[in-house]
Amino acid sequence: MSPRTFLIHGLLAGFIAGILAFGAAYVFGEPHIDGAIAVEEAAASDHAHAEGAPAHSHGEEGGISRARQSTAGLATATIAVGVALGGVVGLAAAFALGRVGRLRPAASTALVAVVGFVSFALVSWAKYPPNPPATGSGETIASRTAAYFGFQAFSVVLAVGAVVLAAHLARRGDAWFASVVPALGWLVLVTAAGLALPSIDEVPGDFPAGTLWGFRFSSLVTQTVLWGTITVVLSGLVQRTARAAQARQSLIESVRT
């Protein structure tokens, strides 16, 4: 159970997760993106007619058709993200092995992945949910990006500290206390940080609410599919490897005796 083994398992799990995440994003997210683009193009067309200028179209962006963006481009992005994320989770699981109480390899791997999903993806989605095209101001992109990644990093660092504290408390014998107190402390501090950070709402008032919330919900579905697949596949691969290693060790010991 070397870090290399975890890394390879993580990359494979991430690849599979990226494919499934592409399917989720294409089925649930692309229709809402098309709807947002239609809203943007309608507004641009009205403005162009008023100014007497030709309207801009999203049919091609930089020579890449919209159809290719929503298929090959989307698949490339989700698979690349999945592989990278799977590798990171795999290495984190390798580091956590034997350091989170008496959990077996598969259980500690699943714990790492679940903590990663909650602290990295779910919390940032709740505070700064993604917006479709035709929303947001280009002038505030730097400040929005800094707030998003700053909050995300704060949540992840706190989650790591909570897991370390939970493992320390578990070694002292009180499993319930070790589970509840660090989790509650993380929740309180992350909530306080979320309330302290500025809220960003640049969605036009006339933007269709169904398109907005449909896009945001599809983003959460895609993230859940991505992280859920990594959790299940990586934990399964780790469990199979651990059982194989245990069987080899038992065989060696039986031969020696």
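Residues numbered from 1 in each chain as written. Predicted model: local features only at pLDDT ≥ 70, side-chain atom pairs only at ≥ 80, totals over all residues. Heavy atoms only, no water.

Engineer: So, the overall build of the protein chain: which residues are in play, and what are the values?
Structural biologist: Of the regular secondary structure elements, the protein chain holds six helices and two strands. Taken over 257 residues, the protein chain has a buried fraction of 33%. Of the roughly 14,700 Å² of accessible surface on the protein chain, 67% is carried by carbon and sulfur atoms. (Helix = DSSP H or I, 4+ residues; strand = E, 2+ residues; numbered from the N terminus. Buried < 20%, exposed > 50% of the residue type's maximum accessible area, 1.4 Å probe, protein only. Areas by Shrake-Rupley, 256 points an atom, 1.4 Å probe, with all protein chains shown as cover.)

Engineer: So what's going on with the packing of helix H2 (residues 66-96) against helix H3 (residues 105-127)? Which residues, and what values?
Structural biologist: A pair of packed helices is characterised by two quantities: the angle between their axes and the separation of those axes. Viewed as axis vectors pointing N to C, H2 and H3 meet at an angle of 130°, and their least axial separation amounts to 9 Å. If you check the angle between H2 and H3, you find them oblique. Read as a crossing pair, H2 and H3 show a hand that is right-handed. Residues Val 89, Ala 92, Ala 93 and Ala 96 of H2 form the contact with H3, whose participating residues are Thr 109, Val 112 and Ala 113. A class-by-class count of the residues in the contact of H2 with H3 yields six nonpolar, one polar and no charged. (Axes fitted to C-alpha atoms, helices over the stretch in contact; angles between N-to-C directions. Parallel < 35°, antiparallel > 145°, perpendicular 65-115°, else oblique. Left-handed = near helix turned anticlockwise from the far one by under 90°. Contact = heavy atoms within 4.5 Å. Nonpolar A, V, L, I, M, F, W, Y, C, P; charged D, E, K, R; others polar.)

Engineer: Report on helix H4 (residues 141-170), specifying residues and quantitative values.
Structural biologist: Between its terminal C-alpha atoms H4 stretches 43 Å, which fits the 44 Å expected from 30 residues at 1.5 Å a residue. Every buried residue of H4 is listed here: Ala 147, Phe 151, Gln 152, Ser 155, Leu 158, Ala 159, Ala 162, Ala 167 and Leu 169. In this fold, the buried residues of H4 make contact with H3 and helix H5 (175-196). (Expected span 1.5 Å × (residues − 1).)

Engineer: Could you give an account of the packing of aromatic side chains, naming the residues involved and the relevant values?
Structural biologist: Using the criterion set out here, one finds five aromatic pairs in the structure. Measuring from ring centre to ring centre gives 6.1 Å for Phe 120 and Trp 227, while their planes differ by 50°; the resulting arrangement is tilted. Placement of Phe 120 in helix H3 and of Trp 227 in helix H6 (residues 209-256) is noted, with a sequence separation of 107 residues between them. In this structure Phe 120 comes out as partly exposed when scored by relative accessible area, which is 35%. Trp 227 gets classed as buried once you look at its relative accessible area, which sits at 4%. Seen in terms of ring centroids, Tyr 128 and Phe 151 are 6.5 Å apart; in terms of plane orientation they differ by 90°. Their pairing is edge-to-face. One end of the pair, Tyr 128, is in the loop between H3 and H4; the other, Phe 151, is in helix H4, with 23 residues separating them in the sequence. (Phe/Tyr/Trp six-rings, centres within 6.5 Å; stacked < 30°, edge-to-face > 60°.)

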